[in-house]
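These are the residues of each chain, in order.
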Amino acid sequence: MNVNIKQDNEKILGDIRDRKPVLWLNDHHLPFKQLRGQLDVSVLDIKDAEARLKRFAPFIKEVFEDTKILDGLIESPISEISDFKSTLEKTYQFQFPGKFLLKRDDLLPIAGTIKARGAIYEVLHHAEALAFEEGLLNSYEDDYTQFASKEFQDFFKQYTVVVGTTGNLGISSGVMSAKIGFNVQVHMSHEAKQWKKDYLRSHGVQVFEHKTNFTEAVNKGRLSAETDPYAYFIDDEHSIQLFLGYTTAGPRLKQQLIDQDILVDEDHPLMVYLPCGVGGSPGGVTYGLKQIYGDNVHCFFAQPTHVPSMLLGQISQKFADISVYDFGIDGLTVMDGLAVPRTSQIVAKLMSAIFDGGYTLTDKESNRLLTTLKDVEDIFVEPAATAGLVGPQRLFNTEAGQNYLRHKNLTDKVANMTHIAWATGGSMVPADEQVLFYENGKSNQ
Ligand SMILES: *Cc1c(COP(=O)(O)O)cnc(C)c1O
């Protein structure tokens, strides 16, 4: 426990219960260098995941047209959003120095959401393991474009990949699984949008619609996979492979920052704001970044006021043993990718001493951010992906944020900071739905 952070957790829990926006500082945080070596996931595991994605790149390049220019790597650009920054400063009447960048995972090839990093990795990991078991592959140096061959496809046809999701995990894992030749079953929770179901079905994916929340949809999928020895379940709540896929964003981002001459060190802190659902994607990205920058990178997780599952899990230290319903909160939000009432046990525990804090935002605020980003930068992101955009405001324009800056000795370094909001999805949202989201924010401005 860090004795220096002054924060009234009881008051914060009260505000969370009242669904008021909060900023919570992680008072269980420990210096990353103190944790290195004691953690379940090592830097070697991340390197292994990176190497696997490189092995598959020739195959991916061959079967997904939009990955050709990246040589089969599934990566997104990062760009400065200075007009959005000025508008944010004007709207909230505060100022923050330093660059504000947007990580454009809304543009990730194949799936257009951050899920592509984790889900596609896990599908490939599974396919590779089966191929070695069967003797289709004998060495990492073998030609992986064979995955597109009839021989491989016929082999994988015997197997099924099952997943439970609010939608986006289904798209990433479903589309890649279908390309490998797997049968795919996607179990969807009530938030799942019709267009996501239609899209998956058009890719030959079997979609099961459940009138239940995310946790229940995942349970349905898990049960269905358990009874079939040829089925493999991608478990959003427990999967270490998904997590590893997300961690590879760390070394990729490092290279992008080097390419843009952006320095990250003790005097040049990096602040990253990540939308958080079950916790896998923000947790994995944070983990990858901390392995590189230690605590010179500061990572904040953003959740809807109606779905503060990670925050509740961390503040109570009950992790996945508490849900937003236990707190009398309904779990309903426009930020559908974040509609996860209970956090992931492994990620929440792993993050407990690592991530730096979390905040919540209302649906109304999310709507407005979505519309503003479209108006001033001509960038459309989906509602869940707006959550990181307000991060600098929380840090610079609230008492808790000021407390954080003082506590971490950051006040004299603010001019050297780089801020990154992670835009976790958006480009796949159909045009007519984009218009609806946009108008929603317009009427709230
Ligand atoms: C899933 C998702 C997230 C959050 O990722 P988790 O691993 O669930 O925390 C954020 N944004 C979008 C668009 C998503 O689909």
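Up top you'll find the structure we're talking about.
Residues numbered from 1 in each chain as written. Predicted model: local features only at pLDDT ≥ 70, side-chain atom pairs only at ≥ 80, totals over all residues. Heavy atoms only, no water.

(A) Summary view of the pairing of strand β5 (residues 183-188). Of all 6 residues making up β5, 5 are buried, and the element is well covered by its neighbours. Across 6 bridges, the pairing between strand β4 (residues 160-165) and β5 is parallel. Pairing of G164 across the sheet is with H187, part of β5. Relative to strand β6 (residues 206-209), β5 runs parallel, the two being bridged by 4 bridges. Bridge pairing links M188 to E209 in β6. Traced from β5 through helix α8 (residues 194-202) to β6, the parallel crossover comes out right-handed. (Buried < 20%, exposed > 50% of the residue type's maximum accessible area, 1.4 Å probe, protein only. Helix = DSSP H or I, 4+ residues; strand = E, 2+ residues; numbered from the N terminus. Pairing = 2+ DSSP bridges. Right-handed = clockwise from strand over helix to strand, strands pointing away.)

(B) Structural view of the layout of surface pockets. Estimates place the volume of the largest pocket at around 400 Å³. Lining the largest pocket we find 20 residues, and of these P31, D295, N296, H298 and K408 sit closest to its centre. Of the residues in the lining of the largest pocket, the class split is 6 nonpolar, 6 polar and 8 charged. Size it by volume and the second largest pocket reaches roughly 280 Å³. At the level of elements, α1 (9-17), β1 (23-25) and α17 (399-407) are the ones that each hand at least two residues to the lining of the second largest pocket. At 4 residues, the largest contribution of residues to the lining of the second largest pocket is made by α17. Counted by class, the lining of the second largest pocket contains 6 nonpolar, 2 polar and 6 charged residues. (1 Å grid on protein atoms, 1.4 Å probe; cavity = no way out; pocket = protein on both sides within 12 Å on 5 of 7 lines; lining within 4 Å. Points joined across faces, edges and corners; volume = space filled by probe spheres on them. Nonpolar A, V, L, I, M, F, W, Y, C, P; charged D, E, K, R; others polar.)

(C) Structural detail: the side chain of S239. In this structure, S239 sits in the loop between β7 (231-234) and α10 (240-247). There is a polar contact of 2.7 Å between the side chain of S239 and the side chain of E122. Excluding anything up to four places from it in sequence, S239 contacts E122 and I346. (Polar contact = N/O pair within 3.5 Å; in protein donor to acceptor, adjacent residues only side chain to side chain. Contact = heavy atoms within 4.5 Å.)

(D) Representation of the site of the ligand in the model. Taken together, 15 residues lie around the ligand, and K115, N168, G277, S281 and T424 are the ones closest in. K115 is positioned with one of its side-chain polar atoms (N or O) 2.7 Å from an oxygen atom of the ligand. At 2.7 Å, a backbone N or O of G279 approaches an oxygen atom of the ligand. In the complex, 99% of the free accessible area of the ligand, which totals 370 Å², lies under the protein chains. Taken atom by atom, the bulk of the ligand overlaps the largest cavity. Counting residues per element, the shell around the ligand draws most heavily on helix α12 (residues 280-293), which supplies 3 residues. The class makeup of the residues in the shell around the ligand is 6 nonpolar, 7 polar and 2 charged. (Near = heavy atom within 4 Å. Areas by Shrake-Rupley, 256 points an atom, 1.4 Å probe, with all protein chains shown as cover. Sits in = over half its atoms within 2 Å of the grid points.)

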